[in-house]
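For reference, the chains in residue letters:
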Amino acid sequence: MYVSVKGGEAAIRRAHRLLADRRRGARDVAEIVPDQIREQLSLAVDRVMNEGALHDRDLAALAVKQARGDLIEAAFLVRAYRTTLPRFGASRPIDTGAMAVERRISATYKDLPGGQILGPTFDYTHRLIDFALASEGETPAPERLDAPSGDGPAAEIPRVTELLAMEGLIEAEPESDDETAVGDLTRAPLRIPAGRDLRLQQLARGDEGFLLALGYSTQRGYGSTHPFAGEIRIGAVEVDFEAPELGFAVPLGAITVSECQMINQFAGSSKVAPTFTRGYGLAFGQVERKVMAMALVDRALRTEELGGAVTAPAQDQEFVLSHADNVQATGFVEHLKLPHYVDFQAELALVRAMRAEHEARIEAEFLDEDGLEEAAE
Amino acid sequence: MNAPLSPQTAPAATGYNFAYLDEQTKRMIRRALLKAVAIPGHQVPFAARDMPMPYGWGTGGIQVTAAILGSGDVLKVIDQGADDTTNAVSIRAFFQKTANVAVTTRTAEATVIQTRHRIPEKPLKAGQTLVFQVPIPEPLRFLEPRETETRVMHALADYGLMHVKLYEDIAKHGHIAKTYAYPVEVEGRYVMDPSPIPKFDNPKLSMSPALQLFGAGREKRIYALPPFTRVKSLDFEDHPFEPTRFEAPCALCGATDSYLDEVVTDDRGTRMFVCSDTDHCEERRADGHRGLLAGDDLVDTITREADVERDDGAPIVPLP
């Protein structure tokens, strides 16, 4: 008997045991605990929550540990868990205008109501490896400034787009209405063309790298949208849930989100005066790069509804939405590891037959040429 | 499939519903299945769930199986025709864990057979259900990448593009250069992708007494062939469809009518051809059929023959 595929069950069991061993690494190094990941690798946790499409910092941290730091694998673990969770409703729309802002910047105004707040950012750090981090040491607590007099800490920080809207310079924010249900792409198969609600859902859980590359491509001329980073804000917002039997909304808690409003040029059409248009990005946690790329791609995907011609990949709904999900993408790319020998056998036979035919044809041509030469002589 | 569909009769993995999926999801999938059976060959969109296995590794088939499995079912899972390939082992273990169903490797004993890339050699019977794992359900996908376009083409039964492709193959190569996932026409209406089964298996699709269900998880589509559906592999009058034929019988069981895998047995080009359907091969050997290389001295035989050829200075000829 040949043994190549026998013993699969035992092999799988042993492989998984080996995997657990490699995950643990050298035993003389302390084992990492999910709390450390949640607190000290929090941006990895944020990414996993977004691509795993579930807000649960502890679960995402555990997934990062289980996945040995492979963030797509971690997102996959979270997704598979998410499928099994019951759904009892949708929250009220969160109000990012009422955000407890930790970071808020605008690239379109030098100063503006609410001010520019840098917050915890990598921006303006020099990317020099900090060797001091390799040794243990206390990190000093952040400095606290007294709230500037006048405004008070609880002062509202208006959105930049609202300032533009007052002048009518930017398209109106689409009105949310309670009557129309928001689509859920995990509960209904995505149909193209998809509404903006579904598009933004897919982008929010889409792969950060994919969105980054697509957003970048629009900046390099593949579907330019002439963007300005109108506003990026990061902070905590309250999530309210309206239970039908209560009749009023109750707060479930606060989550940190990142929001990006891109302001893009729009030359107008025969019916619409020239205005600025919006590209929007929103995601869990501190994920500035993700929401900026998302906003660029969101605007690019609106090309058709704004009367433009779809010419670039980032503007193409079917291309973008079908390929943004990295859990799907990694599964299908990696399924090439599975045995394909039945199909390969079929191809092998065909290629052999075609090569034999090819050889016979060359030989026949060679003989023909010979014949011609002889005739010429 | 024929067993009662009532959940929770057997203790399964704790914390999960019978066969993993919750009953609402199963109901959604069953609705899609009913529609698919009612319109043979038509791709029905369904809200495929994120599963605990990767997309592309059989999540569509697994969801269909989960939706039709009852506690009295007997499940067989094959990949490449074999019960013991790693992914088949993994999927079988999944349903043992989550549904605690009886499993078998014997085609005749199974009520539900989940398969990737093959149809069992033993003819299926009425009452059996064959569940295919499908990577790309759209037969026109490689001719037209856009779903928005292909949907219209199916609606209008506009399959000219496919016929042109097959014609171009003949013009270029002398024959249709499609050896697996060979497109079929269902009851004279829908062109359907039979999943990447070798075209050798295509004739088994037609007029089968068994129910054949196709699940594509990543692409979120389900389609079906109810029992005794006419399924025709696309061809031309002057270039009729020809299933793959093998020149040699199975080296282990001597079968001449089964699909064979080529197994390379050394680094000098020695090969053997054996049934891809392991159950079929084992059953035949149990019935006393013997191929050229059956028996425990197999490795010796191959080595000896290869050595003889090499010593003679003759080119190494593929076995047998």
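Scoring rules and cut-offs
- Counting of residues starts from 1 at the beginning of each chain's written sequence and follows it residue by residue.
- Chains and ligands are labelled sequentially in the order written, the chains with letters from A and the ligands with numbers from 1.
- A pLDDT threshold of at least 70 governs which residues receive local features in this predicted model, and a stricter bar of 80 or more applies before side-chain atom pairs are shown or counted, although totals over entire chains, interfaces and linings include all residues.
- Each helix corresponds to a stretch of at least 4 residues labelled H or I by DSSP, and each strand to a stretch of at least 2 residues labelled E; elements are numbered beginning at the N terminus.
- This radius of gyration counts C-alpha atoms alone. The globule rule is 2.2 Å times how many residues there are, raised to the power 0.38.
- Three exposure classes are used, all based on how many other C-beta atoms lie within 10 Å of a residue's own C-beta (placed from the backbone): buried at 20 or more, exposed at 12 or fewer, and partly exposed between those limits.
- Reported domain spans reflect what an automatic or database domain assignment gives.
- Residue pairs qualify as contacts under a 7 Å threshold applied to their C-beta atoms, which are placed from the backbone.
- Residues are grouped as follows: Ala, Val, Leu, Ile, Met, Phe, Trp, Tyr, Cys and Pro are nonpolar; Asp, Glu, Lys and Arg are charged; every other residue, Gly included, is polar.
- In this analysis, strands are considered paired if DSSP registers two or more bridges between them.
- pLDDT runs from 0 to 100 and stands for how confident the predictor is about each residue.
- Where helices are involved, their axes are fitted lines through C-alpha atoms of the stretch in contact, as for all axes, and angles between N-to-C directions lie from 0 to 180°.
- Core membership is restricted to buried Ala, Val, Leu, Ile, Met, Phe, Trp, Tyr and Cys residues, and these are joined into a nonpolar core through C-beta atoms within 7 Å.
- Throughout, the term roughly parallel applies to angles under 35 degrees, roughly antiparallel to angles over 145, roughly perpendicular to angles from 65 to 115, and oblique to all others.
- Each helix crossing is assigned a hand: it is left-handed if the near helix lies turned anticlockwise from the far helix by less than a right angle, otherwise right-handed if that turn is clockwise.

Enquirer: Would you explain the overall build of chain A in this entry?
Expert: For chain A, the helix and strand inventory stands at 12 helices and four strands. A compact globule built from 377 residues would reach a C-alpha radius of gyration of about 21 Å, whereas chain A, at 28 Å, exceeds it by more than 25%. Taking the principal axes of its C-alpha atoms as reference, chain A extends roughly 105 × 70 × 55 Å. Taken over 377 residues, chain A has a buried fraction of 29%.

Enquirer: What's the story with the domain arrangement of chain B in this structure? I'm lost.
Expert: Many descriptions give the size of an interface as the accessible area lost when the pieces come together. All names here are of chain B. Each assigned domain of chain B is listed here: domain 1 (23-233) and domain 2 (245-320). Inter-centroid distance (C-alpha atoms) of domain 1 to domain 2 is 31 Å. Taken together, the contact between domain 1 and domain 2 spans 15 residues of the former and seven residues of the latter. Taken together, the residues of the side of domain 1 that touches domain 2 sort by class into four nonpolar, four polar and seven charged.

Enquirer: Even after reading the chapter, I still don't get the interface of chain B and chain A, so can you show me in this structure?
Expert: At the junction of the two partners, chain B supplies 45 residues and chain A supplies 39 residues. Where the side of chain B that touches chain A is concerned, the elements lending two or more residues are helix H3 (86-99), helix H4 (147-155) and strand S11 (260-264) of chain B. The greatest single-element share of the side of chain B that touches chain A, amounting to four residues, is contributed by H3(B). Among the residues making up the side of chain B that touches chain A, the classes are represented as 19 nonpolar, 14 polar and 12 charged.

Enquirer: Any chance you could explain the domain arrangement of chain A here in plain terms?
Expert: All names here are of chain A. Taken as a whole, chain A is organised into domain 1 (8-83) and domain 2 (96-133 + 153-174 + 183-324). Taken over C-alpha atoms, the centre of domain 1 sits 28 Å from the centre of domain 2. Contact residues are listed per partner, giving eight residues for domain 1 and 11 residues for domain 2. Of the residues in the side of domain 1 that touches domain 2, the class split is three nonpolar, two polar and three charged.

Enquirer: Please explain the pairing of strand S5 (residues 129-133) of chain B as it appears in this structure.
Expert: Residues and elements named next belong to chain B. Burial analysis of S5 places five of its five residues in the buried class, which makes it a mostly covered element. Relative to S5, strand S4 (residues 112-116) is paired through four bridges, and the arrangement is parallel. Considered in S5, the bridge of Ile-113 is made with Leu-130. The pairing of S5 with strand S8 (residues 211-216) spans five bridges and is classified as parallel. If you follow Phe-132 over to S8, its bridge partner there is Phe-214.

Enquirer: I keep staring at the confidence of the model for chain A and nothing clicks. Help me out?
Expert: Any residue range with low pLDDT should be treated as having predicted coordinates unsuitable for detailed reading. Across chain A, the average pLDDT comes to 89, with 93% of residues at 70 or higher. Here residues 1-5 of chain A is modelled with pLDDT under 50, and outside its nearest four sequence neighbours on either side it reaches seven contacts, counting other chains as well.

Enquirer: I keep staring at the sheet that holds strand S3 (residues 249-266) of chain A and nothing clicks. Help me out?
Expert: Sheet strands line up and pair through hydrogen bonds in the backbone, either parallel or antiparallel. Residue and element names in this part refer to chain A. Within the open sheet, the four strands sit side by side as S1-S2-S3-S4. Their pairing is antiparallel. Pairing within the sheet leaves two strands with one partner each, and these edge strands are strand S1 (100-105) and strand S4 (275-284). Across the sheet, the mean angle from the axis of one strand to that of its neighbour is 25°, orientation sign disregarded. Pairing analysis gives 15 bridges linking strand S2 (residues 227-242) to S3, with the strands arranged antiparallel. Looking across to S3, one finds that Glu-231 is bridged to Gln-261.

Enquirer: Can you walk me through the nonpolar core in this structure?
Expert: A general feature of soluble globular proteins is that nonpolar side chains tend to end up buried together. Membership of the largest hydrophobic core comes to 75 residues, with the highest contact counts inside it found for B:Leu33, B:Leu69, B:Ile222, B:Cys250, B:Leu252 and B:Val274. It is H3(B) that provides the largest number of residues to this core, a total of six residues. Counting contributing residues per domain, this core is built from domain 1 (23-233) and domain 2 (245-320) of chain B, each supplying no fewer than three. Not counting the four nearest positions on each side in its chain, B:Leu33 is found in contact with B:Val64, B:Ala67, B:Leu213, B:Ile222 and B:Ala224. Core analysis: the second largest hydrophobic core is formed by 54 residues, A:Leu62, A:Leu185, A:Leu198 and A:Ala204 among them.

Enquirer: Could you clarify how one ought to interpret the packing of helix H3 (residues 42-51) of chain A against helix H5 (residues 71-83) of chain A in this entry?
Expert: When two helices pack together, their arrangement is captured by the angle between the axes and the distance separating the axes. All names here are of chain A. The interhelical angle for the contact between H3 and H5, taken along N-to-C directions, is 50°, at an axis separation of 8 Å. As far as their axial angle goes, H5 and H3 are oblique. Of the two elements, H3 crosses H5, and the hand of that crossing is right-handed. On H5, the residues that touch Ala-44, Arg-47, Val-48 and Glu-51 of H3 are Leu-71, Ala-74, Ala-75 and Val-78. Along the lines of polarity and charge, the residues of the contact of H3 with H5 split into six nonpolar, no polar and two charged.

Enquirer: Looking at this structure, I do not really get the pairing of strand S12 (residues 271-275) of chain B. What am I missing?
Expert: For a regular strand, side chains alternate in direction, first toward one face of the sheet and then toward the other. Most of S12(B) is tucked away: four of the five residues are buried. Taking the residues between adjacent antiparallel strands as the criterion, S11(B) and S12(B) are bridged by six residues, where B:Gly269 takes a positive phi near 90°.

Enquirer: Would you take a moment to explain the environment of B:Arg49 for this structure?
Expert: Along the chain, B:Arg49 falls in the loop between strand S1 (44-45) and helix H2 (59-68). When the C-alpha positions of B:Arg49 and B:Arg268 are compared, they lie 47 Å apart, and in sequence the two are 219 residues distant. Excluding anything up to four places from it in sequence, B:Arg49 contacts A:Thr83, B:Leu21, B:Thr25 and B:Gln63.

Enquirer: What exactly am I supposed to notice about the confidence of the model for chain B here?
Expert: Residue and element names in this part refer to chain B. Within chain B, residue pLDDT values average 88, and 88% of them lie at 70 or more. Note on residues 5-11: pLDDT under 50 across the span, and nine contacts to partners over four residues away in sequence or across chains. Note on the complex model: pTM 0.85, ipTM 0.81.

Enquirer: How should the sheet that holds strand S7 (residues 190-192) of chain B be read in this particular structure?
Expert: Residue and element names in this part refer to chain B. The antiparallel open sheet is built from three strands, whose spatial order is S7-S6-S10. In the strand order of this sheet, the two ends are held by S7 and strand S10 (231-233), each with one partner. Each neighbouring strand pair of the sheet contributes to a mean axis angle of 30°, computed without reference to strand direction. Pairing of strand S6 (residues 184-186) with S10, which is carried by three bridges, proceeds in the antiparallel orientation. When the sheet's bridge partners are listed, Val-186 is paired in S10 with Val-231.

Enquirer: Can you walk me through unusual backbone geometry in this structure?
Expert: Keep in mind that most residues, glycine aside, have a negative phi and that most peptide bonds are trans. Cis geometry is found at the peptide bond from A:Ile192 to A:Pro193, where omega equals 0°. Along the chain, the position of A:Pro193 falls in the loop between helix H6 (160-166) and helix H7 (196-204). Phi at A:Tyr124 is positive, roughly 65°, even though this residue is not glycine. Residue position: A:Tyr124 is located in the loop between S1 and H6. With a phi close to 60°, B:Gln80 is a non-glycine residue in the positive phi region. When the 25 C-beta atoms within 10 Å are taken as the criterion, B:Gln80 is described as buried.

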